[in-house]
Amino acid sequence: MKELWELFFTFAKVGGMTFGGGAAMLPILQREIVDHRHWATEEELVDYYAIGQCTPGIIAVNTATFVGQKRRGVSGGIAASLGMVFPSLVIISVLAGVITNFSHLQWVQSAFAGIRVCVCVLIFNATVKLLKKSVVDKRTFVVFLLVLAGGVCLDVSPALFVVLAAAAGIVLKGLEARQA
């Protein structure tokens, strides 16, 4: 039971400390789940994140569910998921009441503009960290470039890119094994 509460409060901390969705949460997830708690490796977290992105629902909640399930089964997945959404539920409820009364004020609009810039920086930092860990050779660099070009030029679901990149990884690993 203690570990279930630990899952709940750890993910509540992550959910309460971040703004901007799953991508903005990635650096904090890395710090809390990989570095401090050692509940997953960085590679596992990236895998959970990728799967969480192409499955229905919110990326951060899906990732929390995967980590919680790994630690304590179904009850761990539920505890981690509830922890992740709890702060958002409270914060959004409070903000909804406040924002309707103050959204016209210039300082409120300026604050949100600043928050958006901060979220962009957090996403950029998370992307650079993922890039360094994921692009490890010429083949993965080619996959990266193809997915980047497709993401910029095509209007398709990110899930398609994940599936195609997974297939490319399987094919490239097979070719590598044949060459060895």
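In this numbering scheme, every chain counts its residues from 1 along its sequence in written order. Side-chain atom pairs in this predicted model are given and counted only at pLDDT of 80 or more, local residue features only at pLDDT of at least 70, and totals for whole chains, interfaces and linings cover all residues. Each side-chain value is derived from all of the structure's non-hydrogen atoms; neither hydrogens nor water enter the calculation.

Asker: It is not clear to me how the pattern of salt bridges should be interpreted in this structure. Could you clarify?
Answerer: If the charged atoms of two oppositely charged side chains come close together, the side chains can form a pair. In what follows, salt bridge is the name for a side-chain nitrogen of Lys or Arg lying within 4 Å of a carboxyl oxygen of Asp or Glu. Scanning the model with the defined rule gives six salt bridges in all. We note a salt bridge from Glu176 to Lys173, for which the minimum N-O separation is 3.4 Å. Of the two residues, Glu176 and Lys173 are both situated in helix H7 (residues 158-179); the distance of three residues between them amounts to about one turn of the helix. Under the scheme applied here, a residue whose accessible area is under 20% of the maximum for its type counts as buried, over 50% as exposed, and between as partly exposed, the area being computed with a 1.4 Å probe on protein chains only. Classification of Glu176 as partly exposed rests on a relative accessible area of 34%. Shared partners join several salt bridges into a network, and the residues in it are Arg139, Lys173 and Glu176. Only DSSP runs of H or I covering at least 4 residues are called helices, and only runs of E covering at least 2 are called strands; the numbering of each starts at the N terminus.

Asker: Sorry if this is basic, but what is going on with the nonpolar core here?
Answerer: Soluble globular proteins tend to bury their nonpolar side chains together. Buried Ala, Val, Leu, Ile, Met, Phe, Trp, Tyr and Cys residues form a nonpolar core when they are joined through side-chain atoms within 4.5 Å. By size, the foremost hydrophobic cluster in this structure holds 25 residues, and its most contacted members are Leu7, Phe11, Leu29, Ile33 and Met84. Taken together, the elements giving at least two residues each to this core come down to helix H1 (2-17), helix H2 (22-36), helix H3 (42-54), helix H4 (59-102) and helix H5 (106-134). The element contributing the most residues to this core is H4, with eight residues. Those residues in contact with Met84 that lie beyond four places of it in its chain are Phe11, Ala12, Val14, Gly15, Met25, Leu29, Ala60, Val61 and Ala64. Residue contacts are defined here by distance: any two heavy atoms, one from each residue, within 4.5 Å place the two residues in contact.

Asker: Even after reading the chapter, I still don't get the UniProt feature "transmembrane region" (unreviewed entry) in the chain, so can you show me in this structure?
Answerer: Per the UniProt record, the feature "transmembrane region" (unreviewed entry) sits at residues 7-28, 48-67, 79-99, 111-131 and 143-172. The span residues 79-99 shows a helical share of 100% and a strand share of 0%, and its end C-alpha atoms are spaced 30 Å apart. End C-alpha to end C-alpha, residues 143-172 measures 10 Å, and it is 87% helix and 0% strand. UniProt positions are given in the numbering used here, feature names are shortened, and annotations may be inferred rather than shown by experiment.

Asker: Quick question: what am I supposed to make of the packing of H3 against H4 here?
Answerer: Any two packed helices are characterised by the angle at which their axes cross and by the distance between the axes. Interaxial angle, 0 to 180 degrees, is taken between N-to-C directions of lines fitted to C-alpha atoms, where a helix line uses only the stretch in contact. Their axes nearest at 8 Å, the elements H3 and H4 cross at an angle of 130°. Here H3 is positioned oblique relative to H4, judged by the angle of their axes. Between H3 and H4 the crossing geometry is right-handed. Here Glu44, Leu45, Tyr48, Tyr49, Ile51, Gly52 and Gln53 of H3 come into contact with H4, specifically with Ile59, Asn62, Thr63, Phe66, Val67 and Lys70. The nonpolar class holds Ala, Val, Leu, Ile, Met, Phe, Trp, Tyr, Cys and Pro. Asp, Glu, Lys and Arg form the charged class, and all remaining residues, Gly among them, are polar. Its residues assigned to classes, the contact of H3 with H4 comprises seven nonpolar, four polar and two charged. Orientation is classified from the angle alone, with under 35 degrees giving roughly parallel, over 145 giving roughly antiparallel, 65 to 115 giving roughly perpendicular, and any other angle giving oblique. A crossing counts as left-handed when the near helix is turned anticlockwise from the far one by less than a right angle, and as right-handed when that turn is clockwise.

Asker: What is the right way to read a nonpolar patch on the surface from this model?
Answerer: The grouping of Phe86, Val90, Val94, Val98 and Phe102 at the surface amounts to a nonpolar patch, some 420 Å² of accessible area in total. Along the chain, Val94 falls in helix H4. In this analysis, a patch consists of residues with relative accessible area above 30% that form no salt bridge, clustered at 9 Å for like charges and at 5 Å for the nonpolar side chains Val, Leu, Ile, Met, Phe, Trp and Tyr. Accessible surface is estimated by sampling points in the Shrake-Rupley manner with a 1.4 Å probe; for residues, cover comes only from the protein chains shown.

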